[in-house]
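The primary structure of each chain is shown beneath.
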Amino acid sequence: MSEHHHQHGPEHAEHPAFGPQWWEHHYQGHGARHGSPSPQLTAEVAGLPVGTALDAGCGRGADALWLARQGWRVTAVDVSATAVGDARKAAEQHEPDVAARVHWVVADLTAWAPPTQYDLVVSQYVHPGVPFGAFAARLARGVAPGGTLLVVGHDHADEHSAAHAPGPASIGLDAVTAALDPRRWVVEVAESRTRHAGHGSARPSMHDLVVRARRT
């Protein structure tokens, strides 16, 4: 459901933007390339005590497998069966103990209910078919007391990011932070950051919105 290495253009407009069929066509059309983990993830998770994690919108699994290499036990969920299938194949290239730490699930995150709470819930560049504040609240319910929520998205205040990920694909800080009850959450990071998209010397600068919060 998330993929931070491709542009999300209108290349298959016959399906509603960011619905399950849209993502299936997206992944089927881009080939099975396995990218690097998100720089926002690696920066924000470094130093956290290892435990259980939910990667909500895992795409082809680069982030879930990075977490597993750090020792996390990961439930990785994506709406695209193609993406999850590619992720499983990527996991087979890792050490067996790393691959065994990831449980892959094909499910629509707007309907799927986590079976438990996690020490870390990560959602990056996910474009749900519901208002993002409601989606963020749903993610927050999956975080165990003392755990961390990390949400990364395209900053809709940035013109290039908005063009790269139009309409519902970009979010604002308030969409995430307003969903977190201040009696139960401490927002530790809420900011926009620059990231270089794609490869090569002419990579455009993108602005990512990053929110990291700890449940008390």
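For clarity, every value in this text was computed on a predicted model and none was experimentally measured. (Residues numbered from 1 in each chain as written. Predicted model: local features only at pLDDT ≥ 70, side-chain atom pairs only at ≥ 80, totals over all residues. Heavy atoms only, no water.)

Brief notes about helix H3 (residues 62-69)
This is how it is decided: Under the scheme applied here, a residue whose accessible area is under 20% of the maximum for its type counts as buried, over 50% as exposed, and between as partly exposed, the area being computed with a 1.4 Å probe on protein chains only. Runs of H or I in DSSP of at least four residues are treated as helices and runs of E of at least two as strands, each being numbered from the N terminus.
Burial analysis of H3 places seven of its eight residues in the buried class, which makes it a mostly covered element. Ala 62, Asp 63, Ala 64, Leu 65, Trp 66, Leu 67 and Ala 68 are the residues of H3 that are buried. At the exit of H3 stands Gly 71, carrying a positive phi of roughly 110 degrees.

A closer look at the nonpolar core
Test applied: As used in this record, nonpolar core signifies buried Ala, Val, Leu, Ile, Met, Phe, Trp, Tyr and Cys residues forming a set joined through side-chain atoms within 4.5 Å. Any two residues whose heavy atoms approach within 4.5 Å are treated as being in contact.
Judged by nonpolar contacts, the single largest core of 26 residues is most densely connected at Val 45, Leu 67, Val 74, Val 102 and Trp 104. The set of elements that each furnish at least two residues to this core consists of helix H2 (39-45), H3, strand S2 (73-78), helix H4 (81-91), strand S3 (102-106), strand S4 (118-124) and strand S5 (143-155). For this core, the leading source of residues is H3, giving five residues. Those residues within four positions of Val 74 in sequence are excluded, and the remaining contacts are Ala 53, Asp 55, Ala 64, Leu 67, Ala 68, Arg 101, Val 102 and His 103. In terms of nonpolar packing, the next biggest core, distinct from the first, is built from 25 residues, Tyr 118, Val 121, Val 126 and Leu 180 among them.

Section: the pattern of salt bridges
Rules: Note on definitions: salt bridges are taken to be side-chain nitrogens of Lys or Arg within 4 Å of carboxyl oxygens of Asp or Glu.
Throughout the structure, instances matching the rule amount to eight salt bridges. Note that Arg 212 and Glu 44 form a salt bridge whose closest N and O atoms lie 2.3 Å from each other. On the criterion of sequence distance, the pair formed by Arg 212 in strand S8 (residues 205-215) and Glu 44 in helix H2 is long-range, its members being 168 residues apart. Judged by relative accessible area, which is 19%, Arg 212 ranks as buried. The salt bridge involving Asp 181 is made with Arg 183; its shortest N-O contact spans 2.8 Å. On the basis of relative accessible area, Asp 181 is assigned to the partly exposed category, the value being 21%. You can call Arg 183 exposed: its relative accessible area is 71%.

Considerations on the confidence of the model for the protein
Note the cut-off: Confidence scores labelled pLDDT are given residue by residue by the predictor and lie between 0 and 100.
Looking at the protein, the pLDDT average stands at 83 and 73% of residues meet or exceed 70. Note on residues 3-16: pLDDT under 50 across the span, and 42 contacts to partners over four residues away in sequence or across chains.

Observations concerning the environment of Ala 179
Within the fold, Ala 179 resides in the loop between helix H8 (173-177) and strand S7 (185-196). A relative accessible area of 25% means that Ala 179 is categorised as partly exposed. Not counting the four nearest positions on each side in its chain, Ala 179 is found in contact with Gly 133, Ala 136 and Ala 137.

Some words on unusual backbone geometry
One non-glycine residue, Tyr 125, lies in positive phi territory at about 55 degrees. Note that Tyr 125 resides in the loop between S4 and helix H6 (132-140). Given a relative accessible area of 1%, Tyr 125 falls into the buried group.

Points about the environment of His 127
The condition that has to hold: N or O atoms within 3.5 Å of each other form a polar contact, as long as, within protein, one can give a hydrogen and the other can take it, and as long as residues adjacent in sequence are counted only when both atoms are side-chain atoms.
Structurally, His 127 can be placed in the loop between S4 and H6. Through-space distance from the C-alpha of His 127 to that of His 154 is 9.8 Å; in sequence the pair is 27 residues apart. Here the side chain of His 127 touches Tyr 125 through a polar contact of 3.3 Å, landing on its backbone oxygen.

Concerning the pairing of strand S1 (residues 52-56)
What counts is decided by this rule: Any two strands are treated as partners once DSSP identifies two or more bridges connecting them. Place the viewer so that the strands point away; then a crossover is right-handed whenever the path from the first strand over the helix to the second strand goes clockwise.
Counting buried positions along S1 gives four out of five residues, so the element sits mostly inside the fold. The sheet contact formed by S1 and S2 spans five bridges and is parallel. In the strand pairing of S2, Leu 54 is matched with Thr 75. Tracing the backbone out of S1, into H3 and back to the parallel element S2 gives a crossover that is right-handed. Both S1 and S4 contribute to a ladder of three bridges, which runs parallel. Bridged to Leu 54 within S4 is Val 121.

A few points about the pairing of S2
Among the six residues in S2, five count as buried, and that is most of the element. Two strands pair when backbone bridges link them, and S2 and S3 are joined in this way by five bridges, in the parallel orientation. Residue pairing across strands places Ala 76 opposite Trp 104, the latter belonging to S3.

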